[in-house]
Amino acid sequence: MNVGAIQAADWAGRKGKSGIDKRPVTSARIEPLGLAGDEISDLEHHGGEFQAVYAYAVEDLAFWSAELGRTLAPGNAGENLSLSGVDTQALVIGQRLRIGTAVLRVTAPRVPCQVFAGFWDVRGLVKRFTVAGRTGAYFAVETAGEVRAGDAVQTLSTPAHGVDIATVFDFVGRNNRDRVPELLPAMADFPPKVRGWVQDHAAV
């Protein structure tokens, strides 16, 4: 688990501040709107009911460490949960996971922004991140609970539509409109914003 405090930073650009710099903790309580003690600066684009918790795989951190030639540690992607052995791109929208005593529901992929690129101090990171497609996953919190480092990730249920994070990111992150027919079966499980985008393109 990783939490961060809002801090002023030059790399935050026009925003001037960010809570993306998260540091590991051994335990945390997951509340309906995220981890207790975690601060979010840009509430317009981050946090809220459908982006309450962000998870990133340690395997994807290792990929970027190799790509960038420097070591990235848990929390360096701005993630609340650093997961091992979980392919976050293969998680299905609406899939329910139990971690510790908390129950989380998969909602959407992360779409990279310039603050993220500034935090890593990598020119062109947004494009590289988009091409790589190693996005991580956002969750809504169905049941608040306590989570400790090393807790197992247990799948409770997976929607039959099978629409995964990678497929959704190809649409929302890469603007691949050919994905729209594949996304329609998952409409009931999307956050309102994503559902609206799919509906708008399905009507064209």
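Everything below is about the structure printed above this text.
Residues numbered from 1 in each chain as written. Predicted model: local features only at pLDDT ≥ 70, side-chain atom pairs only at ≥ 80, totals over all residues. Heavy atoms only, no water.

Participant: Sorry, what's going on with the pairing of strand 12 (residues 145–148) here?
Facilitator: The side chains of a regular strand alternate between the sheet's two faces. Burial along strand 12 is one-sided: the face carrying Gly145 and Val147 is buried and the face carrying Glu146 and Arg148 is not. Pairing between strand 5 (residues 27–31) and strand 12: four bridges, direction antiparallel. Residue pairing in the sheet places Arg29 in a bridge with Glu146 of strand 12. (Buried < 20%, exposed > 50% of the residue type's maximum accessible area, 1.4 Å probe, protein only. Helix = DSSP H or I, 4+ residues; strand = E, 2+ residues; numbered from the N terminus. Pairing = 2+ DSSP bridges.)

Participant: Can you help me understand the environment of Val92 in this one?
Facilitator: Tracing the chain through its elements places Val92 in the loop between strand 8 (81–83) and strand 9 (96–99). Setting aside residues no more than four positions away along its own chain, Val92 makes contact with Val106, Thr158, Pro159, His161, Gly162, Val163 and Asp164. (Contact = heavy atoms within 4.5 Å.)

Participant: Which parts of the structure should I look at to understand the sheet that holds strand 7 (residues 53–57)?
Facilitator: Across a sheet, strands are paired by hydrogen bonds formed along the backbone, either parallel or antiparallel in direction. Within the open sheet, the six strands sit side by side as 8-7-11-10-9-13. Their pairing is mixed. The open sheet has two free edges, formed respectively by strand 8 and strand 13 (153–157), since each of these has just one partner strand. The average angle at which neighbouring strand axes cross in this sheet is 40°, direction not considered. Examined bridge by bridge, strand 9 and strand 10 (residues 102–109) share four bridges and lie antiparallel to one another. (Axes fitted to C-alpha atoms, helices over the stretch in contact; angles between N-to-C directions.)

Participant: Could you clarify how one ought to interpret helix 1 (residues 58–68) in this entry?
Facilitator: An α-helical turn contains 3.6 residues, so a residue and the one three or four places further along point in the same direction. Of all the residues in helix 1, the buried ones are Asp60, Leu61, Trp64, Ser65 and Leu68. One side of helix 1 carries all its buried residues, which in axial view fall inside an arc of 150°. (Arc of directions from axis to C-beta.)

Participant: Teacher, can you tell me more about the nonpolar core here?
Facilitator: A general tendency of soluble globular proteins is for nonpolar side chains to be buried together. Val53, Phe139 and Phe190 are the most contacted members of the largest nonpolar core, which has 34 residues in total. With four residues, helix 4 (residues 165–172) is the single largest residue contributor to this core. The next biggest cluster of nonpolar side chains, apart from the first, holds 16 residues, and it includes Phe116, Ala117, Phe129 and Tyr138. (Core = buried A, V, L, I, M, F, W, Y, C linked by side-chain atoms within 4.5 Å.)

Participant: Even after reading the chapter, I still don't get unusual backbone geometry, so can you show me in this structure?
Facilitator: For residues besides glycine, phi is generally negative; the peptide bonds are generally trans as well. One non-glycine residue with positive phi stands out, namely Asp121, at about 55°. Assignment of secondary structure puts Asp121 in the loop between helix 2 (114–120) and helix 3 (125–132). The phi dihedral of Asn175 is positive, around 60°, even though this residue is not glycine. Mapped onto the fold, Asn175 is located in the loop between helix 4 and helix 5 (180–183). Exposure remark for Asn175: the relative accessible area of 45% places this residue in the partly exposed category.

Participant: What is the right way to look at the packing of helix 4 against helix 6 (residues 192–202) in this model?
Facilitator: For the pair helix 4 and helix 6, interaxial distance at closest approach is 11 Å and the crossing angle is 60°. Put simply, helix 4 runs oblique to helix 6. Note that helix 4 runs across helix 6; the crossing there is left-handed. Across the interface between the two elements, Val168, Phe171 and Val172 of helix 4 pack against Val194, Trp197, Val198 and His201 of helix 6. The residue makeup of the contact of helix 4 with helix 6, split by class, is six nonpolar, one polar and no charged. (Parallel < 35°, antiparallel > 145°, perpendicular 65-115°, else oblique. Left-handed = near helix turned anticlockwise from the far one by under 90°. Nonpolar A, V, L, I, M, F, W, Y, C, P; charged D, E, K, R; others polar.)

Remember, this is a structural readout, not a statement about activity or role.
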